[in-house]
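Spelled out from the first residue to the last, the chains are:
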Amino acid sequence: MNNGKKIDAEANHLENIPVSLHPDREAASLRVARRIAELIEARAGENRKAVLGLATGSTPVRVYRELIRLHREEGLSFANVVTFNLDEYYPISRAHRESYHRFMREQLFDHIDIPADSIHIPDGETEREKVHLHCREYEEAIAAAGGIDLQLLGIGRTGHIGFNEPGSTEDSRTRLITLDALTRQDAARDFLGEANVPRYAITMGVGTILEAREIILMAWGEGKSRVIAKAVEEAPTAQVSASFLQNHPNAVIVVDEAAASGLMREREPWRIRFVDWNDTIEYKAVTNLSRTTGKPVLKLVEKDYSENGLADLLTSRGPAYDLNIKVFNRIQRTITGWPGGKPGADDTHRPERAEPARKRVLVLAAEPGEEVNAMGGTLNRLLQNGHDVHVACLTSGDLSVPDDEVVSFLGLLQAFKEMDHASFGIQADGVGLLSGELRKKKPEDSDSDPLRRVKGLLREGEARLSARGLGLEPDKLHFLRLPFYAKGRYRQFLPREEDYELLAGLLEEIKPHQVYLNGLKADPASVAGTGFQVARTALERVSDATWFADCRCWLYRDDGGEWDIDLIDMAVPLSPDELQLKLTAIYRQRTQQGGGPVSKSREADLWEMIEQLNRQTARLYDELGMAEYEAMECFRRWRESESGEHQKKTET
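A few points on the structure. (Residues numbered from 1 in each chain as written. Predicted model: local features only at pLDDT ≥ 70, side-chain atom pairs only at ≥ 80, totals over all residues. Heavy atoms only, no water.)

## Here's the deal with the pairing of strand 11 (residues 360-365)
Across the six residues of strand 11, five count as buried, placing the element largely inside the fold. Bridge count for strand 11 against strand 12 (residues 388-393) is six bridges, and the pairing is parallel. Within strand 12, the residue paired with Leu364 across the bridge is Ala392. Where the polypeptide runs from strand 11 across helix 13 (residues 370-384) and back to strand 12, its parallel neighbour, the crossover connection is right-handed. For strand 11 and strand 14 (residues 514-517), the ladder comprises three bridges, and the chain directions are parallel. The residue of strand 14 that forms the bridge with Leu362 is Val515. (Buried < 20%, exposed > 50% of the residue type's maximum accessible area, 1.4 Å probe, protein only. Helix = DSSP H or I, 4+ residues; strand = E, 2+ residues; numbered from the N terminus. Pairing = 2+ DSSP bridges. Right-handed = clockwise from strand over helix to strand, strands pointing away.)

Structure, rendered in structure tokens:
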């Protein structure tokens, strides 16, 4: 695993585990799959079994698809392979749609020639009093197989490997563990509400994992960047079980560029090696220095630079006064109250061009409501400034609607028996049928198509209500319901030609001067990450059109974070009234408050989090020395060259 992005030894002195950096998930996954294939073939040549430790979740899905392709197209046989999975929820039936038994069958085992008796997964149906014995027997089975040759790992936001939550010791063995609250929150969408997430799991211990002869930990997306930095750069601790990999002689961390962004080599490269200073790195260094020292940019002095590892910047691009002025002006020029451009103004230093005065704007949202959460104030400002604004929801978002919301909705429909139920895509007696389905529904049951349709209508209805509150006309709201989502489920989305064509068709119809989209830094297997892949491909399809030459793309964040200051190209201030208007629109997204069934204690979570984020961004600009604003929404100008080549579209 040494063919990732080349980094000199000097740049790695803070990294206590080798890190293999790849441009994207695709390149990284193909390399990991090839390493597994090499091991399998080598063991077959020795007439030995290859013993693999396997992981679940979205992270290894692309690896498994490539292994399936190698089996089907290149004759890779798994007849000599024995597998041991890391973990399983407890209690959970094997048939449950979120069980790891089912996941592994659907993602790998049902598509290769591995013998059934060579597959080992902790049993979530084990009787409670027999769990300890089951765990001991699992350890014995690993030992009897000769130990694990290669262990695949993902990493959770708490830093866990397997389900070894904070507090797991380096010598821990396979056992029953209580899941951390953050882990259960992250799984809430999969289980349609945190209340449905099992409280326990059976997991290999850290000690069990460390006995593998080779370990590959994979991480994709910016959401994993902070915990990767902790695991790699900080001292081993039971609070981040992945950090114990530092003590393994043959472990490697495989990441894409987004997941590596928290490492010092990417975050502050000037602290660990000489850099070739340019405007981009200079801007990053000075804004970072301002935040580190707590001084506005214009008050930085040469001593601040010298004492914080930036003496070389002074020598190369100084003096400090000139650097301060240059960076201050650049920050100030990102701020605009005219996100669509100010008509008749000199736009030399403005984020957006002045002409045409009235622009066609297309805002893309992977799921309904994401655009309001991230840029509701900007959306309203664009409308107030007279632009022709359209919003396109790529998916219905039904997978994140709790059953309880449908029960309430059906009760309302029942009260209006004269309504034409067929207009909702269900039969005249559909209310009763769906009510019956919900009463009989078990946790392992997937939603029927009519039930998903009703859930989608709920989210779309909320989107209409939110958009109306911001001033968007109903005919400007488009629901594409892309097939990748309608035919898939979390972690198992696979965009195809029909997805690209549907969005490309809308782009050709509107011919926008501006496109706002999200998902660049998201986990590629998430809804946002998949939606970004579809949007990027659709934009490429129309790139030869005459109108596209005058189209600019702006990226927004919708994952509870904001762009780093050095990546922000446009910052839109919000007045107190505009912020309140946005928060009211967010509050109307009833099914999404708290990410699960609404409760009084959690109802305000979503809008409060976004309010805090927008206020924090404004404070950051204030601390850098800019004017003081109530709140801010920020955007990054996007060009295709910034995000690598298109992912290879492999269908399995």
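## With respect to the sheet that holds strand 7 (residues 175-178)
Taken in spatial order, the three strands make up an open sheet running 4-8-7, and their pairing is antiparallel. Only two strands of the sheet have a single partner each, and these edge strands are strand 4 (87-90) and strand 7. Across the sheet, the mean angle separating the axes of adjacent strands is 30° when strand polarity is ignored. As paired strands, strand 4 and strand 8 (residues 200-203) are joined by four bridges and run antiparallel to one another. Paired with Tyr90 across the two strands is Tyr200, which belongs to strand 8. (Axes fitted to C-alpha atoms, helices over the stretch in contact; angles between N-to-C directions.)

## Quick notes on the sheet that holds strand 15 (residues 552-555)
Here seven strands make up an open sheet; going across it, the order is 13-12-11-14-15-17-16 and the pairing mixed. Edge positions in the sheet fall to strand 13 (477-479) and strand 16 (570-574), since each of these pairs with one other strand and no more. The sheet shows a mean angle of 25° between the axes of neighbouring strands, direction not considered. Strand direction decides the pairing type here: strand 15 and strand 17 (residues 631-638), joined by three bridges, are antiparallel. Within strand 17, the residue paired with Cys553 across the bridge is Trp638. Along the sheet, helix 18 (residues 497-510) contacts strand 11, strand 12, strand 13 and strand 14; its crossing angle with strand 11, the most-contacted strand, is approximately 160°. (Contact = heavy atoms within 4.5 Å.)

## A short note on helix 4 (residues 131-144)
Spacing of three or four residues puts side chains on the same side of an α-helix, whose turn is 3.6 residues. With 14 residues, helix 4 extends 20 Å from end C-alpha to end C-alpha; this agrees with the ideal 20 Å at 1.5 Å per step. By the burial criterion, the buried members of helix 4 are Val131, His134, Cys135, Tyr138, Glu139 and Ile142. Down the axis of helix 4, the smallest arc covering the buried residues is 140°, so these residues share one side. Residues of helix 4 that are exposed and point more than 90 degrees away from the buried face comprise His132, Ala143 and Ala144. (Expected span 1.5 Å × (residues − 1). Arc of directions from axis to C-beta.)

From the geometry alone we can't say anything about function, so treat these as descriptive.
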